Amino acid sequence: MLARLVPALLCLGLAAAAHADVKLTPPADRPTVADFTLNTLKGTPVRLADLKGKVVMINFWATWCRPCLQELKFVDEYYKQLKDKGVEVLAITTDGPQTLGKVRQTVKRRRWKMPVLLDQDGAVMANLNPRGNQPFTLYIDRAGRKAGEHDGYTAGDEKGMKATLEALLAEAAEAPAK
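These figures come from a predicted structure and were not determined experimentally.

(A) Region of the structure containing the state of the cysteines. For the coordinates displayed, the defined rule picks out one disulfide. Cys 65 shares a disulfide with Cys 68; S-S distance 2.3 Å. Judged by the torsion about the S-S bond (80°), the Cys 65/Cys 68 disulfide is right-handed. For the pair formed by Cys 65 and Cys 68, the shared burial category is buried.

Here it is in structure tokens:
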């Protein structure tokens, strides 16, 4: 039994360690992310193009997705830590109109400060996350280009998330002035 358990645990550990890192696409190879506008829970429209000049983390989540809720604890923490340094977070809920009350309760109970946007018809998710994975995170550089993505959440992934945001902030700071 132990002989089978050790390789399985080792494999899980390696998968979790490999999963935590987001490989950034070289800047010259990054595609521009299609613009969209979604409303916050308070009805305020947020347009992606208006965030150009900031590093943007887009996280797709749903109230029924336990890994999403685990991950969003860290996403909100990084938003609070890095927003003054040029990071914007868009937590896009994919819950439909019938569970809007549950979205509001979740945000209030967890005291999230990051913007929570509503994609109730699924149009933004269909465009940016066509496989429909949740949680699913996109990293967008200051020029509005897709720098990387991350599927799912496993304990420890949060370290890679923060490192990715910091790398994109450093990359933008090192970019030559035009």
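(B) Summary view of the layout of surface pockets. Of the pockets and cavities examined, the second largest pocket occupies roughly 190 Å³. Together, Thr 40, Leu 41, Lys 42, Arg 104, Val 107, Trp 112, Lys 113, Met 114, Pro 115 and Val 116 line the second largest pocket. Of the residues assigned to the lining of the second largest pocket, the class counts are six nonpolar, one polar and three charged.

(C) Structural view of the sheet that holds strand 7 (residues 146-151). Across the sheet, which stays open at both edges, the seven strands sit in the order 2-1-5-4-3-6-7 with mixed pairing between neighbours. Looking at strand neighbours, the two that pair on one side only are strand 2 (45-47) and strand 7, the edges of this open sheet. Across the sheet, the mean angle from the axis of one strand to that of its neighbour is 30°, orientation sign disregarded. Note that strand 1 (residues 37-40) and strand 5 (residues 116-118) share two bridges and pair antiparallel. By the bridge assignment, Thr 40 is partnered in strand 5 with Leu 117. Contacts from helix 3 (residues 100-110) reach strand 3 (55-61), strand 4 (87-93) and strand 5, with the element oriented near 175° to strand 5.

(D) Fine view of unusual backbone geometry. For the bond running from Gln 134 to Pro 135, omega is -10°, close enough to zero to count as cis. On the secondary structure map, Pro 135 appears in the loop between helix 4 (123-128) and strand 6 (136-140).

Criteria and thresholds
Residues numbered from 1 in each chain as written. Predicted model: local features only at pLDDT ≥ 70, side-chain atom pairs only at ≥ 80, totals over all residues. Heavy atoms only, no water. Disulfide = S-S within 2.5 Å. Buried < 20%, exposed > 50% of the residue type's maximum accessible area, 1.4 Å probe, protein only. 1 Å grid on protein atoms, 1.4 Å probe; cavity = no way out; pocket = protein on both sides within 12 Å on 5 of 7 lines; lining within 4 Å. Points joined across faces, edges and corners; volume = space filled by probe spheres on them. Nonpolar A, V, L, I, M, F, W, Y, C, P; charged D, E, K, R; others polar. Pairing = 2+ DSSP bridges. Helix = DSSP H or I, 4+ residues; strand = E, 2+ residues; numbered from the N terminus. Axes fitted to C-alpha atoms, helices over the stretch in contact; angles between N-to-C directions. Contact = heavy atoms within 4.5 Å.

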